[in-house]
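Descriptive analysis of the structure
The lines below spell out each chain.
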Amino acid sequence: MISKWARYFLAALIPALTPAVAGAEGYNLQAPQTIIAHEIYDLHTLIFLICCAIFVAVFGTMTYSIIKHRKSVGHKAEQFHENTLVEIIWTIVPFIILIGMAIPATKTILAMKDTSNPDLTIKATGYQWKWGYDYLHEGVSFYSSLATPRDLVEDKTPDGARKRAEHANYLLEVDHPVVVPIGKKIRMIVTANDVIHAWWVPAFGVKQDAIPGFVRDTWFRVDKPGTYRGQCAELCGKEHGFMPIVVEALEPEKFALWLAEQKKLTAANAMASGSLDGKGVYDKICVACHAAGVAGAPKFGDKAAWAPRLKQGQEVLYTHALHGFKAMPLKGGATDLPDEQIKAAVDYLSAAGK
Ligand code: HEC
Ligand SMILES: [Cu+2]
């Protein structure tokens, strides 16, 4: 028979635990979106329940003993010093409990570390205080910074408190989110440029320290399109709270469009910063024919002349410029220039002809 006290104890404990076990929003981990996050979630629940069972067993026994066997009802203390059986039991039982928790936990950790055969590799670099992303083998790079207006953060706008409350993703929004395709294995390579940061997206079950001078990796595969939010999870300076992470998961077709668009932007940025100098190449080489429109060469900036050529698409123009086309000589005659430089010059010419 359960004593009256034990029943009171259980009656108090069960409602206190129900929200966490039932996964009520706000008390539990975020809804898992990847296999790993699911495994972590289930481990969390399992170990939490084991802890609860131990708690109930230990405190139940203790409370029962204290009340039932108290001195005032005339109970005399039992002596079991150097009782081998008891000592063996209280060594073996915790051992079994620990092994029972370690086996599933180790399986999950091994799965978390299995970054083999990714479909896409993205490098995330932590900076004080933003994230830089490089899509390796794709030539796409950008920085991702906090998009919440500074005035709102520093409470300089009138009625700031209300406006902050209306800002659904206050401090969890960025100018350029990381975009990934759904259903694909994404390998994240994580490092840092200055101090230690950590790339953390709770719904993916991913939390990886970003350490300067070291490269660590992790992976995830999201199945549902959507926007997932995370934060830097390593105290990294005064604006540690202002370098959130936003991951946009798109259908593969939409992702391909996005990637193509980014490639163009990245090439344009590289050109603007001088590393791919389309204008420089044009001024040195292509200008000879294209400035005035020599021998049927489409004139620089002449929209009517460029319109039908642009219609062919950039890839065709690259090929013609690289390999020659009718009176257009191979690489405009500058055969020693790398392909990328010629392509940059084509971009420069076609941008002017748009
Ligand atoms: C010796 C003169 C000459 C030079 C130098 C030259 N081009 Fe041309 N280019 C032409 C002529 C002529 C055409 C027109 C070919 C045609 O369609 O008949 C042309 C056409 C092109 C076209 C359009 C191809 C098409 O499919 O319509 C591109 C793009 C182009 N040139 C890029 C360049 C670039 C980039 C350079 C510098 C690296 C360059 N050209 C240097 C003569 C030149
Ligand atoms: Cu940080």
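Conventions adopted
- Residues numbered from 1 in each chain as written.
- Chains lettered and ligands numbered in written order.
- Predicted model: local features only at pLDDT ≥ 70, side-chain atom pairs only at ≥ 80, totals over all residues.
- Helix = DSSP H or I, 4+ residues; strand = E, 2+ residues; numbered from the N terminus.
- Rg over C-alpha atoms; globule rule 2.2 N^0.38 Å.
- Contact = placed C-beta atoms within 7 Å.
- pLDDT = per-residue confidence, 0-100.
- Near = placed C-beta within 6 Å.
- Nonpolar A, V, L, I, M, F, W, Y, C, P; charged D, E, K, R; others polar.
- Axes fitted to C-alpha atoms, helices over the stretch in contact; angles between N-to-C directions.
- Parallel < 35°, antiparallel > 145°, perpendicular 65-115°, else oblique.
- Left-handed = near helix turned anticlockwise from the far one by under 90°.
- Expected span 1.5 Å × (residues − 1).
- Buried ≥ 20, exposed ≤ 12 C-beta atoms within 10 Å, placed from the backbone.
- Pairing = 2+ DSSP bridges.

1. Section: the overall build of the protein chain
Helix and strand content of the protein chain: 10 helices and 10 strands. On C-alpha atoms alone, the protein chain measures out to a radius of gyration of 32 Å, which is more than a quarter above the 20 Å that the 2.2 N^0.38 rule sets for 354 residues. Its C-alpha atoms give the protein chain principal-axis dimensions of about 115 × 55 × 35 Å. Residue pairs at least 24 apart in sequence account for 67% of intrachain contacts in the protein chain once pairs closer than 6 positions are excluded.

2. Let's talk about the confidence of the model for the protein chain
Chain-level pLDDT for the protein chain is 87 on average; 90% of the residues reach the 70-or-more range. Mean pLDDT in the protein chain bottoms out at helix α1 (residues 4-22), which sits at 50, and peaks at strand β6 (residues 197-201), which reaches 97. Here residues 18-23 scores under 50 on pLDDT; set against residues more than four positions off or in separate chains, the count is six contacts.

3. Details of the site of ligand 1
Surrounding ligand 1, one finds 30 residues, the nearest of these being Cys286, Cys289, Ala297, Met328 and Gly332. Looking at the shell around ligand 1, the elements with two or more residues in it are α7 (278-290), α9 (314-323) and α10 (339-352). For the shell around ligand 1, the element with the most residues is α7, which contributes six residues. Per-class residue counts for the shell around ligand 1 are 21 nonpolar, six polar and three charged.

4. Details of the packing of α9 against α10
Between α9 and α10, the shortest axis-to-axis distance is 10 Å and the interhelical angle comes to 125°. Taken as axis vectors, α9 and α10 run oblique relative to one another. As for how α9 packs across α10, the hand of that crossing is right-handed. Contacts between α9 and α10 involve Gln314, Leu317, Tyr318, Ala321 and Leu322 from the former and Asp339, Ile342, Lys343, Val346 and Ser350 from the latter. Looking at side-chain class alone, the contact of α9 with α10 contains six nonpolar, two polar and two charged residues.

5. Focus on α7
Under the 1.5 Å per step criterion, the end-to-end length of α7 is only 14 Å for 13 residues, more than 12% shorter than the ideal 18 Å. Regarding α7, the residues found buried are Gly278, Val281, Tyr282, Cys286, Cys289 and His290.

6. Considerations on the sheet that holds strand β4 (residues 178-181)
Taking strand neighbours across the sheet as the criterion, the five strands line up as β4-β10-β9-β6-β7 in an open arrangement whose pairing is mixed. Only two strands of the sheet have a single neighbouring strand rather than two, namely β4 and β7 (206-210). In this sheet, neighbouring strand axes are inclined to one another by 25° on average, regardless of whether the strands run parallel or antiparallel. Relative to strand β10 (residues 245-250), β4 runs parallel, the two being bridged by four bridges. Looking at the pairing, Val178 lines up with Val247 of β10.

7. Here's the deal with the sheet that holds strand β3 (residues 140-144)
Spatial strand order, β3-β2-β1-β5-β8: five strands in an open sheet with mixed pairing. Each having just a single partner strand, β3 and β8 (216-220) make up the two edges of the open sheet. Averaged over all neighbouring strand pairs, the angle between strand axes comes to 25°, with direction disregarded. Two elements, strand β1 (residues 120-127) and strand β2 (residues 130-135), share six bridges in a ladder whose sense is antiparallel. The residue bridging Lys123 from the neighbouring strand is Asp134, located in β2.

8. Topic: the packing of α7 against α10
For the pair α7 and α10, interaxial distance at closest approach is 9 Å and the crossing angle is 70°. As far as their axial angle goes, α10 and α7 are roughly perpendicular. Of α10, the residues touching α7 (which contributes Gly278, Lys279, Val281, Tyr282, Cys286 and His290) are Gln341, Ile342, Ala344, Ala345, Asp347, Tyr348 and Leu349. Across the contact of α7 with α10, the residue classes break down as eight nonpolar, three polar and two charged.

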